[in-house]
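Architecture and fold: a report
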Amino acid sequence: KATVSVLYWKINQGEMKMQLFDFTKRNLAANADEIKKEVRSIVEEYSGRLDVIRKRGEGFDGTFGALAAADAEASFRSITCVLPSLTSGDQEARKASAEAKQELTLMWSSAYSCPTLYKALQAYKENCVQDALDEQDVRLMDVTLGKFRHSGAHLPTAAREAFLVYNTVASQVGTQFEMNINEDVTTVEFAPSELDGVPASFIAALPKTPSGNVAASIKEPVRLPIMQQAHSSETRRKMQHATQTACGATNGPLLDKILEARHQAAVAAGYENHAEYMLRTRTAGDLKTATAFCHEMLEKMQKKLKEEKEVLEKANGGKPVETWDVAYLVEKVKKESGIDTEALKKYFPLKQTLNRILSMYADLLGLVINEDPALPKWCDDVLTYTIRDLDSGDHLGSLYFDLFPREGKFGHQMILPLAPTFTGCRPACCYMGNLSKPEGDEEALLRITEVTTMFHELGHVMHCLCTQSKYSILSWAWPMVPWPGGVEQDFLEVPSSMFEQWALEEEVITQLSGEVDGKKIDLETVKKLNEKKHELDIVALYAKYYAMAVADLRMHSVAKASSQAIYRDTMKELINVTLQEDAHPAASWYHPVFGYDAGYYGYGWAEVYAQDLFVDFKQKGLFDKETGRKLRRTILAPCATKSAPTMLHDFLGREPSQEPYCIDLGIAG
């Protein structure tokens, strides 16, 4: 069967056994008892296999190969334990899943900090004949030993124990931080008159309160239309305040505790702070470089930022512009220039748009992508697809879409790995979305920003599913899952940011948009969407982003941080934004807690690379198949089997440049 992986040889108690990894047999809707049973089994088996390596591991297969096999199977099995915390409607299952994820995180943390295991692997590496190994074997050794050192395995006993204690505290508190966000159901009560300007059908779809008003969730599908369309500035202020204070009382102290524990762990490991510790594993290399990059970009943006603020003030009748007015005024200016994003939704029905984007990616990269309703699901709304190679017909992986918000579900956008890539296992991943729900019996329609987001997130999907790796630790992953793997964190967003550039190209919009009353979107609007794709983006998006990136770096570079004060002070210092009283946006900010700690700058860093890659497509054709296959061969397929600088050079044939990025944003020179 296409969904049954080829044979994989696993090492177990010194014997070689055949193992099949069939993703169709995974339990993706486990209850609390099933989760607890599975995590116990995973931990017991993984621990037993590591004992074998410690006691009698010899040669590559008995050391690095055996650890890779143990990692691979544990990773493959883990999704049964991890997924329900993000998708289940059962609170007990979510709780058990969050605890299981913490247990698995601790399992891998303990394994990769084990000095005995580290010494056994290091001894083999020092004495092996590398000529007998292939490129991925050598890369496996380097990445694995690097992870052991990053996990403190090389440290003296006292320092290592302190490092582990502090990291465990940060991880455990982080689990509670995540649960608090996922369980948050904050709403704002509005009288219908307060939502003047918002479509009546949208208001009618909101839950009603006993007083006859409506309850507006702060999740993006509800929040964004109100911030963009409600005529009342006070309505927008109330919505922003609720958003920026959500989880503040619970998660604010937790975030500060996480930051302090991380700092202590970094000091125990011999680093000045957590930012320096984390940046050693990224292409930026150190805190000074990452910080300088953010400040450089902010400096380049100053002239355009000033001009865009003046445009908004004019649109606001000459009155000062508050932060909660920005989205509304941006929308107003765009409408005046002939771009009505709300009116454009009718051209982008969800299912059709999704399938057309997938078709574009398939043609470009040499893939065949088809719906596969036979795949196991955790919810009836989930869409499932199978991906194959166009030339060989080989099964490449499985793709899931869980697109609409519901109670208890993860509240943001992301691609979640469901299964890693390794010999004997093809990857699977899920597009975890929170897109606008259909209104009544109507088909779900996408805003142009949601279309752009879809291009971005599906870029991650292509990276995940095109990966060709013998070892799971070299396949696509990020810290939202407990198993080890993935490219350098500040390279993770490169493919997704590059694919995002397709979204507003005239040629793409024309092919992507549907017909309304027999007519496609008019060419003048298409042209305007492309020409004005970054209109007011500096004031609405980029300046705030780079200030947040600096705040993240600052939070992770001091001994005892007040995350609320650092965030507030950084916004005021760098972009002259004053937060509302008692606002604590960092308390509901996923990124610094899960995988982007001292790494939020990585989005901008990666976008610089992405724009440089995109130049090739602009020059040779957006749908040039030869360039698409080169991208798949040099960037997507290798994943972590090569370093980020090597992959960039393999595609570009030169060192990357900032110039295309600055030109695209209009900040060059």
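Whatever comes next refers back to the structure up there.
Figured I'd write up the structure that's included with this text. This structure is a prediction, so every number in the text was calculated from the model and none was measured.

Structural notes on the overall build of the protein chain
Across its full length, the protein chain holds 27 helices and 11 strands. Dimensions of the protein chain, computed from the C-alpha atoms along their principal axes, are close to 75 × 55 × 55 Å. By sequence separation, contacts in the protein chain at least 24 residues apart represent 73% of the contacts at least 6 residues apart. Carbon and sulfur atoms provide 50% of the accessible area of the protein chain, an area that totals close to 26500 Å². Separation between the mean location of the 75 positive side-chain charges and that of the 93 negative ones in the protein chain comes to 1 Å.

Things to note about unusual backbone geometry
Backbone geometry places Cys247, a non-glycine residue, at a positive phi of 65°. Relative to the elements of secondary structure, Cys247 occurs in the loop between helix 11 (233-245) and helix 12 (248-268). Phi angles above zero are rare outside glycine, and Asn576 is one such case at about 55°.

A look at the environment of Leu259
For Leu259, the location among the structural elements is in helix 12. On the basis of relative accessible area, Leu259 is assigned to the buried category, the value being 3%. Along the primary structure Leu259 and His274 are separated by 15 residues, whereas in three dimensions their C-alpha atoms are 8.3 Å apart. Discounting chain neighbours no more than four positions away, the residues touching Leu259 are Met555, His556, Ala561 and Ser563.

Quick notes on the side chain of Ser97
Looking at the element boundaries, Ser97 is found in helix 5 (residues 91-112). Separated by 2.9 Å, the side chain of Ser97 and the backbone nitrogen of Ser85 make a polar contact. The contact partners of Ser97, leaving out residues within four places of it in the chain, are Ile35, Cys81, Val82, Leu83, Pro84 and Ser85.

As for the packing of aromatic side chains
Within this structure, the stated rule accounts for 29 aromatic pairs. Judged by centre distance (4.7 Å) and plane angle (40°), the rings of Tyr112 and Phe148 are tilted. Placement of the pair is Tyr112 in helix 5 and Phe148 in helix 7 (residues 135-150), with a sequence separation of 36 residues. Take Tyr112: its relative accessible area is 1%, and that puts it in the buried class. Aromatic rings pair up to connect Phe293, Trp478, Tyr545, Tyr546, Tyr567, Trp589, Tyr596, Tyr600, Tyr601, Tyr603, Trp605 and Tyr609 into one cluster.

Comments concerning helix 14 (residues 287-315)
With 29 residues, helix 14 ought to run about 42 Å at 1.5 Å a step, and its terminal C-alpha atoms sit 39 Å apart, in line with that. Tucked into the core, helix 14 has its buried residues touching helix 13 (274-279), helix 15 (326-336), helix 22 (537-555), helix 23 (563-575), helix 24 (602-620) and helix 27 (659-665). A side-chain oxygen of the first residue of helix 14 lies 3.4 Å from the backbone nitrogen of Lys288; this N-cap is Asp286.

Some thoughts on the packing of helix 14 against helix 15
Running from N to C, helix 14 and helix 15 cross one another at 85°; their axes reach a closest spacing of 10 Å. In this view, helix 14 runs roughly perpendicular relative to helix 15, as classed from their interaxial angle. Contacts between helix 14 and helix 15 involve Val311, Leu312 and Ala315 from the former and Val326, Leu329, Val330, Lys332 and Val333 from the latter. Of the residues that constitute the contact of helix 14 with helix 15, the class distribution is seven nonpolar, no polar and one charged.

What to know about the packing of helix 22 against helix 23
Packed helix pairs are specified by the crossing angle of their axes together with the interaxial distance, meaning the distance between the axes. As a packed pair, helix 22 and helix 23 sit with axes 9 Å apart at the nearest point and diverge in direction by 140°. Judged by the angle between their axes, helix 22 and helix 23 are oblique. Crossing of helix 22 over helix 23 shows right-handed handedness. Only Ser563, Ile566, Tyr567, Thr570, Met571, Glu573, Leu574 and Ile575 of helix 23 make contact with helix 22, whose side of the interface consists of Ala543, Lys544, Ala547, Met548, Val550, Ala551, Arg554 and Met555. Counted by class, the contact of helix 22 with helix 23 contains 11 nonpolar, two polar and three charged residues.

A short note on a negative patch on the surface
Together, Glu506, Asp522, Glu524 and Glu531 line one region of the surface with negative charge. Within the element layout of this structure, Asp522 appears in the loop between strand 11 (519-520) and helix 21 (523-531). Since its relative accessible area comes to 40%, Asp522 is described here as partly exposed.

Focus on the sheet that holds strand 9 (residues 428-432)
Here we have five strands laid out as an open sheet, ordered 5-6-7-9-8, and mixed in their pairing. Bordering the open sheet on either side are strand 5 (367-371) and strand 8 (414-419), each of which pairs with just one other strand. In this sheet, adjacent strand axes meet at a mean angle of 25° when their direction is disregarded. Where strand 8 and strand 9 come together, five bridges link them in antiparallel fashion. In the sheet register, Pro417 faces strand 9, and the bridge partner there is Cys429. Across the sheet, helix 18 (residues 448-466) is in contact with strand 5, strand 6 (383-389), strand 7 (395-402), strand 8 and strand 9; its angle to strand 9 comes to roughly 170°.

Considerations on the pattern of salt bridges
Here the structure, examined in full by the defined rule, presents 35 salt bridges. Linking Asp325 and Arg236 is a salt bridge whose minimum nitrogen-to-oxygen distance equals 2.7 Å. Here the residue Asp325 occupies a position in the loop between helix 14 and helix 15, and Arg236 occupies one in helix 11, the gap between them amounting to 89 residues. Asp325 sits in the buried class, given a relative accessible area of 4%. One continuous salt-bridge network, built from bridges that share partners, spans Arg26, Glu38, Glu45, Arg49, Glu73 and Arg77.

Looking at the state of the cysteines
Applying the stated criterion across every chain, the model contains zero disulfides. The structure places no disulfide on Cys662, whose sulfur is separated from the nearest cysteine sulfur, that of Cys294, by 13 Å.

A word on helix 22
An ideal rise of 1.5 Å per residue puts 27 Å on 19 residues; helix 22 measures up with 26 Å between its terminal C-alpha atoms. With respect to burial, helix 22 is a largely interior element, 15 of its 19 residues being buried.

Observations concerning the environment of Tyr603
Summarising the element assignment, Tyr603 is placed in helix 24. Judged by relative accessible area, which is 22%, Tyr603 ranks as partly exposed. Taking C-alpha positions, Tyr603 is 12 Å from Tyr661, a pair spaced 58 residues apart along the chain. Apart from residues lying up to four places away in sequence, Tyr603 is in contact with Glu493, Ser497, Tyr545, His591 and Tyr596.

Basis of the calculations
- Residues numbered from 1 in each chain as written.
- Predicted model: local features only at pLDDT ≥ 70, side-chain atom pairs only at ≥ 80, totals over all residues.
- Heavy atoms only, no water.
- Helix = DSSP H or I, 4+ residues; strand = E, 2+ residues; numbered from the N terminus.
- Contact = heavy atoms within 4.5 Å.
- Areas by Shrake-Rupley, 256 points an atom, 1.4 Å probe, with all protein chains shown as cover.
- Lys, Arg positive; Asp, Glu negative; His and termini not counted.
- Charge placed at Lys NZ, Arg CZ, Asp CG, Glu CD.
- Buried < 20%, exposed > 50% of the residue type's maximum accessible area, 1.4 Å probe, protein only.
- Polar contact = N/O pair within 3.5 Å; in protein donor to acceptor, adjacent residues only side chain to side chain.
- Phe/Tyr/Trp six-rings, centres within 6.5 Å; stacked < 30°, edge-to-face > 60°.
- Expected span 1.5 Å × (residues − 1).
- Axes fitted to C-alpha atoms, helices over the stretch in contact; angles between N-to-C directions.
- Parallel < 35°, antiparallel > 145°, perpendicular 65-115°, else oblique.
- Nonpolar A, V, L, I, M, F, W, Y, C, P; charged D, E, K, R; others polar.
- Left-handed = near helix turned anticlockwise from the far one by under 90°.
- Patch = residues over 30% accessible without salt bridge, like charges linked within 9 Å, V, L, I, M, F, W, Y side chains within 5 Å.
- Salt bridge = Lys/Arg side-chain N within 4 Å of Asp/Glu carboxyl O.
- Pairing = 2+ DSSP bridges.
- Disulfide = S-S within 2.5 Å.

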